[in-house]
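As a plain string of letters, each chain reads:
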Amino acid sequence: MINLLQYDFFCNALVAVVIIAVASAVIGTYIVTRRLVAISGGITHACFGGLGLGYYFGLSPVAMAAAVAVVSGLAVEWMSGRGRMREDSAIAVIWSLGMAAGVIFVFLTPGYVPELNTFLFGNLLTVGRSDLLAFGVYAAVLIAFYVFCRRIVVACAFDRDFARVIHLPVGLINCVMMVFIAVGIVLTIRLVGIMLLMSMLTLPQLTAEVYARRFDGILLLSAVVSVVCGVGGLMLATVIDVPCSALIVLLQAAVYFAARCFRALVWR
């Protein structure tokens with residue numbers, strides 16, 4: 001462990017795991033509380049369309065993915081707002097369109113796309129100082145927004161209809177949170193990849209729900225689970241030489257099932 005800390009790439013990966021774990025705890029708790037688990041998958045796969053556009057037009061794939069993710073998130077919120085369309089239907093539309101556009105533009109891009117596997121499966125050890133700066137700024141803004149707007153965010157997450165009745169800015173809060181979700185997903189793609197991102201945003205929160213019922217309790221407990229599993233997966237990956245992103249998710253799944261079993265055995 002001490003030898004590994006001498007390498008910059010490992011230290012960067014360790015710091016990135018902690019930052020993204022805390023940030024994903026905030027947006028993941030909002031996602032699970034609003035019963036929007038599928039939104040993480042929808043926006044994640046919509047990002048694939050942005051990546052394809054970036055590669056095809058020679059632009060930054062990450063910037064294009066971020067733009068497509070934000071537009072997709074706001075489109076889901078608009079389509080599902082005030083009964084225009086069910087949220088799961090809107091997510092399915094964005095999901096399928098993003099994947100289809102991504103496949104077409106990647107296919108049309110001349111030559112081989114070497115970085116595509118990174119976005120599909122993740123490569124935590126490639127995180128650089130610029131990525132850490134982006135992660136840190138994002139996490140700081142997200143946490144500051146939650147601290148100042150905590151009561152409104154919780155009210156909109158648990159009961160949007162009641163929040164509208166008491167004249168809270170439900171539409172604005174939901175749109176802002178959807179932007180945070182979209183940007184967080186884009187930043188985290190480099191961490192675990194498209195294929196595993198949904199688990200990062202849901203498993204720790206589902207584990208926390210086994211023992212907590214209040215929003216803050218779920219958030220704090222899921223942050224602890226995310227940090228422990230993230231650091232643990234990174235450490236185990238250095239021992240058994242397998243992708244750390246997959247190990248992180250497997251650890252989170254193991255913790256979830258252990259929590260359920262413990263609750264069933266002890267709290268009958």
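What comes next is a walk through the structure. Only a predicted model underlies this, so the values are computations on that prediction, with no experimental measurement involved.

As a further point, take the side chain of S72. With respect to the helices and strands, S72 occurs in helix α3 (residues 61-80). The exposure class of S72 is buried, given its relative accessible area of 7%. Filtering out sequence-adjacent residues up to four positions away, S72 remains in contact with A46 and I94.

A complete count under the given rule lists one salt bridge for this structure. With a closest N to O distance of 2.7 Å, R150 and D216 form a salt bridge. Pair noted here: R150 is in helix α7 (residues 150-158) and D216 is in helix α12 (residues 215-240), with a separation of 66 residues, a long-range link.

Turning to the packing of helix α6 (residues 129-148) against α7, a few remarks are in order. α7 packs onto α6 with a crossing angle of 85 degrees between their chain directions and a minimal axis gap of 4 Å. When the axes of α6 and α7 are compared, the pair comes out roughly perpendicular. On α7, the residues that touch F145, Y146, V147 and F148 of α6 are R150, V153 and V154. Residues that form the contact of α6 with α7 fall into these classes: six nonpolar, no polar and one charged.

All told, the structure shown has eight aromatic pairs when counted by the stated rule. Seen in terms of ring centroids, Y56 and F57 are 5.0 Å apart; in terms of plane orientation they differ by 85 degrees. Their pairing is edge-to-face. Take Y56: its relative accessible area is 35%, and that puts it in the partly exposed class. We classify F57 as exposed; its relative accessible area is 52%. Between the aromatic rings of Y256 and F257, the centroid separation amounts to 5.4 Å while the plane-to-plane angle is 65 degrees, which identifies the pairing as edge-to-face.

The next thing to look at is the packing of α12 against helix α13 (residues 244-266). The N-to-C vectors of α12 and α13 enclose an angle of 130 degrees; their axes lie 8 Å apart at closest approach. Between α12 and α13, the angle is such that the two are oblique. The two elements α12 and α13 cross, and the hand of that crossing is right-handed. Residues V225, S226, C229, G230, G232, G233, L234, L236, A237 and I240 of α12 lie in contact with α13, whose contacting residues are C244, L247, I248, L251, Q252 and V255. Its residues placed into classes, the contact of α12 with α13 shows eleven nonpolar, five polar and no charged.

Rules behind the numbers
Residues numbered from 1 in each chain as written. Predicted model: local features only at pLDDT ≥ 70, side-chain atom pairs only at ≥ 80, totals over all residues. Heavy atoms only, no water. Helix = DSSP H or I, 4+ residues; strand = E, 2+ residues; numbered from the N terminus. Buried < 20%, exposed > 50% of the residue type's maximum accessible area, 1.4 Å probe, protein only. Contact = heavy atoms within 4.5 Å. Salt bridge = Lys/Arg side-chain N within 4 Å of Asp/Glu carboxyl O. Axes fitted to C-alpha atoms, helices over the stretch in contact; angles between N-to-C directions. Parallel < 35°, antiparallel > 145°, perpendicular 65-115°, else oblique. Nonpolar A, V, L, I, M, F, W, Y, C, P; charged D, E, K, R; others polar. Phe/Tyr/Trp six-rings, centres within 6.5 Å; stacked < 30°, edge-to-face > 60°. Left-handed = near helix turned anticlockwise from the far one by under 90°.

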